[in-house]
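# Topology and contacts: notes
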Amino acid sequence: MIVLGLIMRRADWINLTALLVPSICAWILPKRRRVQATTIGVAGLCLILGVRLSHEALAPELCSVLSDWLPAPLMLLVYWQTGRFLRMVNGKLQSRLEGIDRRLLGCLLKRQWPHWLADYLELAYLLCYPLVPIGVAVLYLLRLRPFIDEYWTVVLPASYVCYLATAFSQTLPPRMSVAARGLQVHPSKPRRLNLWILGHASIGANTFPSAHVAASMGASLVIISHDLPVGLVFLWLSCSIAAGAVLGRYHYLADALAGATVAAAVFLLSRYGPW
């Protein structure tokens, strides 16, 4: 039974690698951040092994359900672990990201949007947090549970590529940059909630590419490949998340485009790759 309990899914191996490698690399960091990164990594590894070994104490079906949902909290742990590696802002990269926004978006960033549209975009961006777990629930409802590991095999690498890039290309979120002065943003309740969440759970840096866009787009592509109508709804929500991220100044335009590109690349590799 213990041997069966230790059988790992592809998602488990992805998370195991994503937590273990930074935990080892963290020993080059100053003591406080080293301890934080290692603690987060150990917590995640214990969760993975705990669920695998729980086959001895829990019903197999319950253990299988836990395995289906486990990657969701682990994504958050990997995100926080990445934050321990952040150091100095890359001023050159940030200037380029701001320049792209000025050239391609121009006055769109400074105009006052109708309140209903501003609220919709803020609510759409707020959806970036639950959308990935909702995707798992949708696969259950569509009786597509056998494809949950495939789902995570796209969503996790797409997100972790963004986290890894952020560790080496730190920039400020556009709402916190000098270029954001004079920005006209409707101070609605959804926006205040978004800012509160970011203030308490964010690592305080801009993720480039956008992991929110990459994860939601990756989820949408997998669902589209198995149920087109539902997948198109997810794709619409993912595009709305990207628009809310950019126009709400949570991300640069290049962040969103790069995140969508990463998601498409990972999906294609998972579907048509040599393995």
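Just above sits the structure.
Rules and cut-offs
- Residues numbered from 1 in each chain as written.
- Predicted model: local features only at pLDDT ≥ 70, side-chain atom pairs only at ≥ 80, totals over all residues.
- Heavy atoms only, no water.
- Helix = DSSP H or I, 4+ residues; strand = E, 2+ residues; numbered from the N terminus.
- Rg over C-alpha atoms; globule rule 2.2 N^0.38 Å.
- Buried < 20%, exposed > 50% of the residue type's maximum accessible area, 1.4 Å probe, protein only.
- Contact = heavy atoms within 4.5 Å.
- Areas by Shrake-Rupley, 256 points an atom, 1.4 Å probe, with all protein chains shown as cover.
- Core = buried A, V, L, I, M, F, W, Y, C linked by side-chain atoms within 4.5 Å.
- Arc of directions from axis to C-beta.
- Salt bridge = Lys/Arg side-chain N within 4 Å of Asp/Glu carboxyl O.
- Patch = residues over 30% accessible without salt bridge, like charges linked within 9 Å, V, L, I, M, F, W, Y side chains within 5 Å.
- Axes fitted to C-alpha atoms, helices over the stretch in contact; angles between N-to-C directions.
- Parallel < 35°, antiparallel > 145°, perpendicular 65-115°, else oblique.
- Left-handed = near helix turned anticlockwise from the far one by under 90°.
- Nonpolar A, V, L, I, M, F, W, Y, C, P; charged D, E, K, R; others polar.
- Phe/Tyr/Trp six-rings, centres within 6.5 Å; stacked < 30°, edge-to-face > 60°.

## Here's the deal with the overall build of the protein
Helices and strands together make up the secondary structure of the protein, namely 13 helices and zero strands. The order of helices and strands in the protein, counted from the N terminus, is α-α-α-α-α-α-α-α-α-α-α-α-α. Here the C-alpha atoms of the protein give a radius of gyration of 19 Å, agreeing with the 19 Å that 2.2 N^0.38 yields for 275 residues. Along the longest, intermediate and shortest principal axes, the C-alpha atoms of the protein span 60 × 50 × 40 Å. Taking all 275 residues of the protein together, 48% fall into the buried category. For the protein, restricting intrachain contacts to residue pairs at least 6 apart in sequence, the fraction spanning at least 24 positions comes to 83%. For the protein, the exposed area adds up to about 13,800 Å²; of that, 72% sits on carbon and sulfur atoms.

## Topic: the nonpolar core
Counting residues in hydrophobic clusters, the biggest one holds 51 residues, and the most contacted among them are Met75, Tyr151, Trp152, Val155 and Tyr160. Within the residue set of this core, elements represented by two or more residues are helix H2 (10-25), helix H3 (31-53), helix H5 (71-83), helix H8 (131-141), helix H9 (148-168), helix H11 (211-226), helix H12 (228-247) and helix H13 (253-272). A total of ten residues in this core trace back to one element, the largest contributor, which is H9. Discounting residues that sit within four places of it in the chain, Trp152 has contacts with Ala11, Asp68, Pro71, Ala72, Met75, Val132, Val136 and Pro157. Grouped together as the second largest cluster of nonpolar side chains are nine residues, Leu105, Leu109, Leu253 and Ala256 included.

## A few points about helix H4 (residues 60-69)
All buried positions along H4 are accounted for by Cys63, Ser67 and Asp68. Down the axis of H4, the smallest arc covering the buried residues is 145 degrees, so these residues share one side. Of the surrounding elements, those touching the buried residues of H4 are H3, H5, H8 and H9.

## A few points about the environment of Ser220
Here Ser220 lies in helix H11. Residues Ser220 and Leu193, 27 residues apart in the sequence, show an inter-C-alpha distance of 25 Å. Other than its neighbours up to four places away in sequence, Ser220 contacts Gly231, Phe234, Leu235 and Ser238.

## Some remarks on the pattern of salt bridges
In the structure shown here, the tally under the stated rule is seven salt bridges. Taking the shortest distance from any N to any O, the salt bridge between Arg145 and Glu61 comes out at 2.5 Å. Highlighted residues: Arg145 in the loop between H8 and H9 and Glu61 in helix H4, separated in sequence by 84 residues. For Arg145, a relative accessible area of 21% translates into the label partly exposed. According to the relative accessible area criterion, Glu61 is partly exposed, its value standing at 48%. Through salt bridges that share partners, Arg9, Glu61, Asp68 and Arg145 make up one connected network.

## Here's the deal with the side chain of Ser238
Along the polypeptide, Ser238 turns up in helix H12. The class for Ser238 is buried, based on a relative accessible area of 0%. Here Ser238 is in contact with Leu131, Ser216, Met217 and Ser220, once residues within four sequence places are set aside.

## Examining a nonpolar patch on the surface
A grouping of Leu58, Leu62 and Leu66 is seen on the molecular surface, where their side chains present a nonpolar patch of about 220 Å² in accessible area. Structurally, Leu66 is set in helix H4. Residue Leu66 is classed as partly exposed on the basis of its relative accessible area, which comes to 35%.

## Section: the packing of helix H7 (residues 115-126) against H12
At a minimum axis distance of 7 Å, the contact between H7 and H12 shows a crossing angle of 110 degrees. Relative to H12, H7 is oriented roughly perpendicular. Crossing handedness for the pair H7 and H12: left-handed. Contacts from Tyr120, Leu121, Ala124 and Tyr125 of H7 reach H12 at Trp236, Ser240, Ile241, Ala243, Gly244, Ala245 and Leu247. Class assignment of the residues belonging to the contact of H7 with H12 gives a composition of nine nonpolar, two polar and no charged.

## Examining the packing of H8 against H12
Closest axis-to-axis distance for the H8/H12 pair is 12 Å, and the angle between their directions is 175 degrees. When the axis of H8 is compared with that of H12, the two are roughly antiparallel. Contact residues: H8 offers Leu131, Ile134, Gly135 and Val138, while H12 offers Val230, Phe234, Leu237, Ser238 and Ile241.

## Points about the packing of aromatic side chains
Within the structure shown, the criterion is met by six aromatic pairs. Taken together, a centroid distance of 4.2 Å and an interplanar angle of 0 degrees make the contact between Tyr125 and Tyr250 stacked. With Tyr125 in helix H7 and Tyr250 in the loop between H12 and H13, this pair connects stretches of sequence that are 125 residues apart. By relative accessible area, Tyr125 is classed as buried at 2%. On the accessibility criterion, Tyr250 (2% relative accessible area) is buried. For the ring pair Tyr160 and Tyr163, a centre distance of 5.7 Å and an interplane angle of 40 degrees mean the geometry is tilted. Placement of both Tyr160 and Tyr163 in helix H9 is noted, with a separation of three residues, approximately one turn of the helix. Taken together, the ring pairs in this structure connect Tyr79, Tyr160 and Tyr163 into an aromatic cluster.

Everything listed here is a matter of geometry and, on its own, says nothing about what the molecule does.
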